[in-house]
Amino acid sequence: MSGEGAEMRRRNPHPAALAFTRSLDQHLSWPNNGSGSDTASTGRAAPRVSSTIQKLTHTLGWRSCHSHDEWYPVTVGSETIRVRQVQQNYAGDDSLGTGATVWPAAVVLIKYLEKCPQILRHKTVADLGSGTGVTSIAAAHLGASLVVCTDGCDPVVDLAKSNVAHAKELANSGDEKSMKDCEIRVRNYQWNDGTMNAESSSKNNGVFDVILVADCVLPKLYPIEPLVCAIDELSGPSTETYLSYEHRYFPEYDPRDKFRELAEQRGFDVSIIPLSEQDPIYSVDDIEIW
């Protein structure tokens, strides 16, 4: 994502908050946690934690613990991908907008796609508002044949290019075959500007098999209609779009209702992926997948 985003900038977490999340990680990684004692290996009984508390504490951990790291790690299958983030207070200006960090809704979408790898396997993918490029890189790891990683802000596109190049370099030096087999292109795309159709393979007649959108329904910063128009522009009869949305208050209307209204006007069916079908840890009530 890109654009004006002063209201959404992350503040540096309080040291006590960082200590809390790290303590939770250590607590929840205790051997046999919640299933009895571990006296044989540690001489102490392991603490018992209810599944609800365990989910809440894991959620607190993954949403916060890497938000201010220079390199944000996301595990996809057996691989851990890392993308570079640039915090606004380090950048010194607003040129990177909101697109230079990894937002929780992107992680929720990635972990859902990891759980359902058939969605992307051997597919052509358009990633809209890609920001750091983390969703595009994850799609390549999950078996896509082509990923076109796009953003509307040139400095953010440059950041994504750097992250994709870093990911390819690591893949070429290891055994990660899926990343090697996927072509990733990174480019500027202004939603619905008519320039993306040539990026798809010729057999797809200028459309994509899958469209990914992570945390781009933000009417305070970006109008919703151009995004819906872009999805329509890049869609064919069998195209599926997966969009993650983090709910944020907007005084004029509910962004979820507005997106659904505009999408249905263009003939799209919009449905919510139930939490029960998402990753058991990387799923939360305030982030939806459509």
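Going by the structure above, here's the rest.
Residues numbered from 1 in each chain as written. Predicted model: local features only at pLDDT ≥ 70, side-chain atom pairs only at ≥ 80, totals over all residues. Heavy atoms only, no water.

S.K.: Before we go on, may I ask you to explain unusual backbone geometry in this structure?
M.R.: Where the residue is not glycine, phi is negative for most of them; where a peptide bond is considered, it is trans in most cases. Residue His 122 is not a glycine yet carries a positive backbone phi of 65 degrees. Take His 122: it is sitting in the loop between helix H5 (104–115) and strand S3 (124–128). Notably, Asn 192 is not glycine yet its phi reads approximately 70 degrees, a positive angle. Following the sequence through the fold, Asn 192 ends up in the loop between strand S5 (183–188) and strand S6 (208–214). Judged by its relative accessible area of 37%, Asn 192 falls in the partly exposed class. (Helix = DSSP H or I, 4+ residues; strand = E, 2+ residues; numbered from the N terminus. Buried < 20%, exposed > 50% of the residue type's maximum accessible area, 1.4 Å probe, protein only.)

S.K.: Any chance you could explain the nonpolar core here in plain terms?
M.R.: Generally speaking, soluble globular proteins have nonpolar side chains that are buried together. One finds Tyr 112, Leu 113, Ile 119, Leu 120, Val 134 and Ile 184 to be the most contacted residues of the largest nonpolar core, which totals 45 residues. Considering each element in turn, this core owes the most residues, eight residues, to H5. Those residues in contact with Ile 119 that sit more than four places away from it in its chain are Tyr 112, Leu 113, Val 210 and Tyr 242. Grouped together as the second largest cluster of nonpolar side chains are 24 residues, Ala 126, Cys 216, Ile 224 and Val 228 included. (Core = buried A, V, L, I, M, F, W, Y, C linked by side-chain atoms within 4.5 Å. Contact = heavy atoms within 4.5 Å.)

S.K.: I keep staring at the packing of H5 against helix H6 (residues 134–141) and nothing clicks. Help me out?
M.R.: Geometry of a packed helix pair, given as the angle between the helix axes and the separation of the axes. Where H5 meets H6, the axes come as close as 10 Å, and the angle between the chain directions of the two elements is 10 degrees. With respect to H6, the element H5 is oriented roughly parallel. Contacts between H5 and H6 pair Ala 106, Leu 109 and Ile 110 from the former with Val 134, Thr 135 and Ala 138 from the latter. Looking at the contact of H5 with H6, its residues break down into five nonpolar, one polar and no charged. (Axes fitted to C-alpha atoms, helices over the stretch in contact; angles between N-to-C directions. Parallel < 35°, antiparallel > 145°, perpendicular 65-115°, else oblique. Nonpolar A, V, L, I, M, F, W, Y, C, P; charged D, E, K, R; others polar.)

S.K.: How should I be thinking about the packing of helix H9 (residues 224–233) against helix H10 (residues 255–265) in this particular structure?
M.R.: For the pair H9 and H10, the least separation of the axes is 10 Å and the interaxial angle reads 40 degrees. On the basis of their axis angle, the class for H9 and H10 is oblique. In the packing of H9 onto H10, the handedness of the crossing is right-handed. Counting all contacts with H9, which are made through Ile 224, Glu 225, Leu 227, Val 228 and Ile 231, the residues of H10 involved are Pro 255, Lys 258, Phe 259, Leu 262 and Ala 263. Classifying every residue of the contact of H9 with H10 by side-chain character gives eight nonpolar, no polar and two charged. (Left-handed = near helix turned anticlockwise from the far one by under 90°.)

S.K.: What is the right way to look at H10 in this model?
M.R.: For an α-helix, 3.6 residues make a turn, and residues three or four places apart therefore share a direction. Buried within H10 are the following residues: Pro 255, Phe 259, Leu 262 and Ala 263. The buried residues of H10 occupy an angular sector of 100 degrees when projected down its axis, which confines them to one face. Seen from the open side of H10, the exposed residues pointing more than 90 degrees away from its buried face are Asp 257 and Gln 265. Two or three places before Arg 256, at the opening of H10, Asp 254 has a side-chain oxygen 2.9 Å from that residue's backbone nitrogen. (Arc of directions from axis to C-beta. Polar contact = N/O pair within 3.5 Å; in protein donor to acceptor, adjacent residues only side chain to side chain.)

S.K.: Please clarify how the pairing of strand S2 (residues 79–84) should be interpreted in this entry.
M.R.: Within a regular beta strand, the side chains point alternately toward one face of the sheet and then the other, so they alternate between its two faces. Here strand S1 (residues 71–76) pairs with S2 via six bridges, running antiparallel. Bridge pairing in S2 links Pro 73 to Arg 82. Counted along the chain from S1 to the antiparallel partner S2, the turn is two residues long, and its residue Gly 77 has a positive phi close to 65 degrees. (Pairing = 2+ DSSP bridges.)

S.K.: Please explain the sheet that holds S6 as it appears in this structure.
M.R.: The strands making up a sheet are joined through hydrogen bonds of the backbone, oriented either antiparallel or parallel. Spatially, the six strands line up as an open sheet ordered S5-S4-S3-S6-S7-S8, and their pairing is mixed. Every other strand in the sheet has two partners, leaving S5 and strand S8 (287–289) as the edge strands with one partner each. Strand-to-strand twist in this sheet, taken as the mean axis angle between neighbours without regard to direction, amounts to 15 degrees. Bridge count between strand S7 (residues 235–246) and S8: three bridges; the pairing is antiparallel. Its bridge partner lying in S8, Tyr 245 is registered against Glu 288.

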